[in-house]
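Structural characterization, general
Next come the chains, spelled out residue by residue.
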Number of protein chains: 2
Amino acid sequence: MRPLNDTLLRALLRQPTDYTPVWLMRQAGRYLPEYRATRARAGSFMALAKSPALATEVTLQPLERYALDAAILFSDILTVPDAMGLGLRFAEGEGPKFERPIRSEEDVARLAVPDIGALDYVMDAVGEIRRALAGRVPLIGFSGSPFTLACYMVEGGGSDDFRLVKTMLYRRPDLLHRILAVNAAAVAEYLNAQIEAGAQAVMVFDTWGGALADRAYQAFSLAYLRDVVSKVKREHEGERIPTIVFTKGGGLWLEQIADTGCDAVGLDWTVNLGAARARVGARCALQGNVDPMVLFGGDAAIRREVEQTLASFGPPSAGAGHVFNLGHGISQHTPPEAVSVLVDAVHEVSRQMRR
Amino acid sequence: MRPLNDTLLRALLRQPTDYTPVWLMRQAGRYLPEYRATRARAGSFMALAKSPALATEVTLQPLERYALDAAILFSDILTVPDAMGLGLRFAEGEGPKFERPIRSEEDVARLAVPDIGALDYVMDAVGEIRRALAGRVPLIGFSGSPFTLACYMVEGGGSDDFRLVKTMLYRRPDLLHRILAVNAAAVAEYLNAQIEAGAQAVMVFDTWGGALADRAYQAFSLAYLRDVVSKVKREHEGERIPTIVFTKGGGLWLEQIADTGCDAVGLDWTVNLGAARARVGARCALQGNVDPMVLFGGDAAIRREVEQTLASFGPPSAGAGHVFNLGHGISQHTPPEAVSVLVDAVHEVSRQMRR
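Right, let's walk through the structure included here. (Residues numbered from 1 in each chain as written. Chains lettered and ligands numbered in written order. Predicted model: local features only at pLDDT ≥ 70, side-chain atom pairs only at ≥ 80, totals over all residues.)

Comments concerning the interface of chain B and chain A
- Taken together, the contacts link 28 residues of chain B with 28 residues of chain A.
- Listing elements by their share of the side of chain B that touches chain A, those giving two or more residues are helix 9 (163-171), helix 11 (214-231) and helix 14 (299-313) of chain B.
- Considered class by class, the residues forming the side of chain B that touches chain A number ten nonpolar, eleven polar and seven charged. (Contact = placed C-beta atoms within 7 Å. Helix = DSSP H or I, 4+ residues; strand = E, 2+ residues; numbered from the N terminus. Nonpolar A, V, L, I, M, F, W, Y, C, P; charged D, E, K, R; others polar.)

Structure below.
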């Protein structure tokens, strides 16, 4: 069933819209005091992510404050390797860690697509969020990309230089390819389960693909993004399900990303939006791409950046679509009032541009 | 006076060479046990950088081990703001910190181009290294870019999100422009002093320009790179002094970087070297661009990456120049033997390509 406000879905499918839809990566997050309160009640990040009721609560929080055109499932990109048995935990102030990272040939051989039932808590959250949204705006589901998951699975956590996963890439590419094949199958199954549970669009976050050298990106990230996109359902219950692919730092590879078969390409803030439209805007919608740090610039700067970003994309035209977003997740230090200024400016200015 | 091995200078000036010259960013560094020994004797990183004799010793160390085609001055990119009075220090395992970062309008107003005499220790090192090299290979001088220096000066150290400097950029662009104007004047004067002291090529490291949004990069990094390049001496004692500009993460802006008037553009590993040659290779030489993590892949992988990188640049031709390098500084964890494999493979394969 189409949501009452289907502007996001129309823009992703490059259909005409009355204004430019907007949502923000990590819009349900630590910058909101109500999120921090729910997080405190949950006790831990994983307890929050694993409770469908609490995940629903935080998913809806930003929609109460702001005129956002989409909800995005509150979850973590590492739920899939957690379901593979790697033991995800979040140490306070440290970021994600795996208790059993993939380091040896034996670890790789043991790795398998997890029983998707282990992720029922995610599907339950998707269903509960859909009911709570009651058709207000569409719900976006998501997953980390096969390569991004592999980074965490091999490194065991975040990394500055990706030394372990890149050592495997250059020394034992066969092992990394096996991890990526398992990840791609799991990610596709996971996204399809989210779609069946009610996700109305899906996004693949390739957060670390941009850390790869050009040739390595093609072979170890892009190839598996293509595999995921080819396996994701394009339609569910008669509605088209748009797929968004976002490689942070992937501005040099936009044509190749567009060629994965996705409906929309996510852009970080280093990309010139007008140039991106010229490069791929006739094949895919574009999503992005304001620097999250703009939200620290004050109202005038935020409005100016919104105007310049919309002007850079240019006037709406048949076959082009733009979803306004940040170029990366919103900072936990963002003043919540700044988000109102941004969201309202996107709607106001983009309506004016259509007059 | 031209060095005996002038292959680097010829490649930077897009003149024919017998083979592709190679040097490595941070080639005099912690991956070498002899560097660690000298560093231990010096007591601290700054004591090492400030002693012309010790800086000379570590600058020459990699040339004793490897058939490198250039020496690069051992120093730090933050010597200039240190000379401005910001108080540079290196806490063990923490990276650089400034004791007096630039945070207020008053701090900005007080900032001035430092007396270049405060950097005599750098010029003394340049002179001493030139004498020690005795014409073996050319010596490259360098500086951080105006924007990269500003990042450290405002943040007070490294940063994940550049929140302070970007808040200033969006909220008080006038203040950041003033810092950048001072930095550009200081950087140009600093590079010219290095040239007068004996540097035979100079490189500007724009390590953090790639963290900027497209429009912000043009206004806050590129404009000041252009200013620096326009002020740097093109000739000294009858010899042409090539200028290299490197914005890490700047692959989308190669045409604009080439238009600064520099002789060579540095490339990180995300860039397809052949595509870069097609985009700017007739205007500028190119320097780069293997992922430093390739050096962890073992001999066969290193040789394969060298072959593929040289093949990607393509056959030598009139008016094109390639200097082989990594796409970023060498990792401190690199096995020293791996560097021999890389350097020798560059020479061997590039000679074969010319036959």
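That was the structure; now back to the text.
Concerning unusual backbone geometry
- Between Gly288(A) and Asn289(A) the backbone carries a cis peptide bond, its omega angle lying at 0°.
- Within the secondary structure, Asn289(A) is located in strand 10 (residues 285-290).
- A positive phi is found at Arg14(B), a non-glycine position, where the angle reads about 60°.
- Locating Arg14(B) in the fold gives a position in the loop between helix 1 (7-12) and helix 2 (33-42).
- The exposure class of Arg14(B) is buried, given the 23 C-beta atoms found within 10 Å.
- Its identity is not glycine, yet Phe162(B) carries a phi of approximately 55°, on the positive side.
- Along the chain, Phe162(B) falls in the loop between helix 8 (146-155) and helix 9. (Buried ≥ 20, exposed ≤ 12 C-beta atoms within 10 Å, placed from the backbone.)

Notes on the pairing of strand 10 (residues 285-290) of chain B
Residues and elements named next belong to chain B.
- Counting buried residues in strand 10 gives six out of six residues, a clear majority hidden from the surface.
- A crossover links strand 9 (residues 264-266) with its parallel partner strand 10, the connecting element being helix 13 (residues 273-280), and its sense is right-handed.
- Sheet analysis places strand 10 next to strand 11 (residues 322-326), joined by five bridges and oriented parallel. In the sheet register, asparagine 289 faces strand 11, and the bridge partner there is asparagine 325. (Right-handed = clockwise from strand over helix to strand, strands pointing away. Pairing = 2+ DSSP bridges.)

Details of the packing of helix 8 of chain B against helix 10 (residues 173-197) of chain B
All names here are of chain B.
- The N-to-C vectors of helix 8 and helix 10 enclose an angle of 120°; their axes lie 9 Å apart at closest approach. Classed by the angle they form, the pair helix 8 and helix 10 counts as oblique. Viewed along their axes, helix 8 and helix 10 form a crossing whose handedness is right-handed. Taking contact as the criterion, the partners of Pro146, Phe147, Leu149, Ala150 and Met153 in helix 8 are, on helix 10, Leu176, Ile179, Leu180, Asn183, Ala184 and Val187.
- By residue class, the composition of the contact of helix 8 with helix 10 is ten nonpolar, one polar and no charged. (Axes fitted to C-alpha atoms, helices over the stretch in contact; angles between N-to-C directions. Parallel < 35°, antiparallel > 145°, perpendicular 65-115°, else oblique. Left-handed = near helix turned anticlockwise from the far one by under 90°.)

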